[in-house]
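Take a look at the letters that make up each chain.
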Amino acid sequence: KALQVTNAKVIRDGVEQTIEGTDVVPGDLTLLQTGDSAVGDIRLIEVQDLEANEASLTGESEPVRKIVYQNYADLKDTEITHSSTADANSKSGNDEEKLTLTNVVYMGTEITNGRGRGIVIHTGMGTKIGHLAEKLKSVDSGQSPLKAKLALLGMRLGMASVFISAVIFVIGVSTGRGADKTSSDPIWLQMLLVAVSLTVAAVPEGLPVCVTMSLAIGMRHMTEKKALVRKLASVETLGSTSIICTDKTGTLTCGKMTTVQLWHFGQAYRVTGQGYSPDGIIYPIGEDSWDGEEEKNAIAFEQVKQERKLHPILTAFVLCSDATVELEEVDTETDRGEEDTRREWVGAGNMTERALVVAARKLGIERKALLTSYKESLQNPFSSKRKMMSVVVERLDEAKEPISNPDSTSAVPGVTGGAFSM
């Protein structure tokens with residue numbers, strides 16, 4: 001499949017340009033910031049609290065912090081791979097081998113925090129993800145358990161039919177039984193025709209049809225359980241599976257964080273919904289709440305929107321964040337192998353910030369709308385030393401309600417701006 005095409009910010013001839021990822025070449029000076037996707041393997045020369053999500057390479061959902069090596073001797077472009085043997089670990093002297101380098105951002109990985117710049121060293125199939133794609137093409141899937149059993153059955157039937165036909169041929173030639181006395185052909189020729197006929201008749205011609213019908217019925221049963229199977233043999237293969245070894249994040253789960261509860265001035269609120277979709281409600285929970293009753297929860301949600309108690313804190317979350325969640329068109333493939341396009345909520349930026357942005361959207365608070373009323377005057381990005389991100393915003397018009405610092409205990413009416421930390 002073709003590699004995904006994205007835009008990239010590069011500096012050529014001292015001028016910052018935005019070009020398509022397919023136009024990036026090794027040697028380009030590339031700029032990276034939160035939400036960007038690397039269009040090639042990029043060796044970093046400058047970073048500011050840069051973190052990348054390398055789940056597409058390693059399967060780990062936790063972002064990896066990137067650094068710049070100061071010692072030139074550390075810049076060796078060595079291939080570091082996982083090792084499952086104790087000998088390899090003892091030779092390296094490390095308890096854990098790393099699959100990726102900490103001073104390189106790899107193609108297909110997403111920048112979740114910070115910013116930086118680097119030199120493109122590999123593009124296309126020359127990147128690490130390109131090497132993985134090349135290896136996947138050469139993987140032999142082998143025979144499924146059903147194919148192996150059918151092959152064994154066919155071999156046994158063939159050997160049995162040949163043996164039985166040979167015995168009948170020998171008995172017929174030696175005794176003369178079964179031969180046509182009126183025929184002018186010799187007995188051995190007549191018995192040879194009989195033996196060949198018996199061998200051909202022993203072939204189970206209806207077996208493929210019966211197997212196909214059985215798999216189709218199984219496929220239909222799985223479809224009723226909302227499991228779509230593209231290949232018939234996969235039904236039998238899954239049925240023969242006794243142990244599944246898999247990584248949880250991104251395989252059994254979606255790899256997306258979701259806000260499920262909020263606390264505000266001693267009151268707990270339940271947040272429903274999954275993933276990045278804004279479909280969901282927020283309602284108070286407690287001893288006198290209606291947790292579990294959908295109709296009453298919907299009424300409580302309308303009351304929460306009217307009281308607007310959560311609006312200040314959720315507004316602060318959105319303003320003090322670089323994460324975005326937007327509805328975009330995504331290219332997919334149907335079960336028939338045809339290309340299709342559907343609209344899907346896609347997030348960019350820090351995973352935790354995405355969850356808070358989605359929770360705010362459920363109350364109708366969107367970043368684009370807020371930026372029409374508030375202007376960001378200063379931003380202090382998240383750092384490992386401060387353990388927080390801070391922004392200073394200025395209100396451009398008269399807002400309906402004061403916005404307060406999430407660290408403070410009350411809102412201050414009449415202020416024309418605010419400082420937020422998260």
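Our subject is the structure listed above.
Residues numbered from 1 in each chain as written. Predicted model: local features only at pLDDT ≥ 70, side-chain atom pairs only at ≥ 80, totals over all residues. Heavy atoms only, no water.

A. How the structure looks around the sheet that holds strand β8 (residues 261-264). Reading across the sheet, the three strands line up as β8-β9-β10 and stay open at both edges, with antiparallel pairing between neighbours. Each end of this open sheet is capped by a strand with a single partner; those strands are β8 and β10 (282-285). Each adjacent strand pair in this sheet contributes to an overall mean axis angle of 35°, direction not counted. Relative to strand β9 (residues 267-271), β8 runs antiparallel, the two being bridged by four bridges. The residue bridging Leu 262 from the neighbouring strand is Tyr 269, located in β9. (Pairing = 2+ DSSP bridges. Helix = DSSP H or I, 4+ residues; strand = E, 2+ residues; numbered from the N terminus. Axes fitted to C-alpha atoms, helices over the stretch in contact; angles between N-to-C directions.)

B. Main features of the nonpolar core. By size, the foremost hydrophobic cluster in this structure holds 22 residues, and its most contacted members are Leu 262, Ile 282, Leu 310, Leu 314 and Leu 363. Listing elements by their share of this core, those giving two or more residues are β9, α9 (294-307), α10 (311-319), α11 (351-361) and β14 (390-395). When residues in this core are grouped by element, the largest group, five residues, is from α10. Discounting chain neighbours no more than four positions away, the residues touching Leu 314 are Leu 262, Ala 359, Ala 360, Leu 363 and Ile 365. Ala 8, Ile 42, Leu 44 and Val 120 belong to the second largest nonpolar core, which has 14 residues in total. (Core = buried A, V, L, I, M, F, W, Y, C linked by side-chain atoms within 4.5 Å. Buried < 20%, exposed > 50% of the residue type's maximum accessible area, 1.4 Å probe, protein only. Contact = heavy atoms within 4.5 Å.)

C. Representation of the pattern of salt bridges in the model. Using the criterion set out here, one finds 10 salt bridges in the structure. A salt bridge links Glu 46 to Arg 117, with the nearest nitrogen and oxygen atoms 3.7 Å apart. Residue Glu 46 is located in strand β4 (residues 41-53), and its partner Arg 117 is located in strand β7 (residues 110-122); the two are separated by 71 residues in the primary sequence. Relative accessible area serves as the criterion here: at 46%, Glu 46 is assigned to the partly exposed category. The salt bridge involving Asp 49 is made with Arg 65; its shortest N-O contact spans 3.4 Å. Placement of the pair is Asp 49 in strand β4 and Arg 65 in strand β5 (residues 64-65), with a sequence separation of 16 residues. (Salt bridge = Lys/Arg side-chain N within 4 Å of Asp/Glu carboxyl O.)

D. Quick look at unusual backbone geometry. One non-glycine residue, Asp 49, adopts positive backbone phi at about 55°. Positive phi outside glycine occurs at Arg 308, with the angle close to 60°. Along the chain, the position of Arg 308 falls in the loop between α9 and α10. A relative accessible area of 36% places Arg 308 in the partly exposed class.

E. Structural detail: the packing of helix α4 (residues 145-175) against helix α5 (residues 187-201). Their axes nearest at 9 Å, the elements α4 and α5 cross at an angle of 160°. Compared by their axis directions, α4 and α5 come out roughly antiparallel. Considering how the two elements wind past one another, α4 and α5 form a crossing that is right-handed. Along the contact surface, α4 presents Ser 161, Val 162, Ser 165, Ile 168, Phe 169, Gly 172 and Val 173, while α5 presents Ile 187, Trp 188, Met 191, Leu 192, Ala 195, Leu 198 and Thr 199. (Parallel < 35°, antiparallel > 145°, perpendicular 65-115°, else oblique. Left-handed = near helix turned anticlockwise from the far one by under 90°.)

F. Molecular detail of helix α6 (residues 207-224). Across its 18 residues, α6 extends 26 Å between first and last C-alpha, which sits within 8% of the 26 Å expected from 1.5 Å per residue. Of the residues making up α6, those classed as buried are Val 211, Leu 215, Gly 218 and Met 222. Considered in projection along α6, the buried side chains sweep an arc of 60° and stay on one side of the axis. Residues Met 213, Arg 220 and Glu 224 are exposed on α6 and point more than 90 degrees away from its buried face. Buried-residue contacts for α6 involve α4 and α7 (232-239). With its phi angle positive at about 65°, Lys 226 sits one or two positions after the end of α6. (Expected span 1.5 Å × (residues − 1). Arc of directions from axis to C-beta.)

G. Structural context of a nonpolar patch on the surface. On the surface, a nonpolar cluster with roughly 580 Å² of combined accessible area is contributed by Phe 163, Ile 164, Val 167, Ile 168, Ile 171, Val 194 and Leu 198. When contributions to the nonpolar patch are tallied by element, the ones reaching two or more residues are α4 and α5. The greatest single-element share of the nonpolar patch, amounting to five residues, is contributed by α4. Mapped onto the elements, Ile 164 comes out in helix α4. (Patch = residues over 30% accessible without salt bridge, like charges linked within 9 Å, V, L, I, M, F, W, Y side chains within 5 Å. Areas by Shrake-Rupley, 256 points an atom, 1.4 Å probe, with all protein chains shown as cover.)

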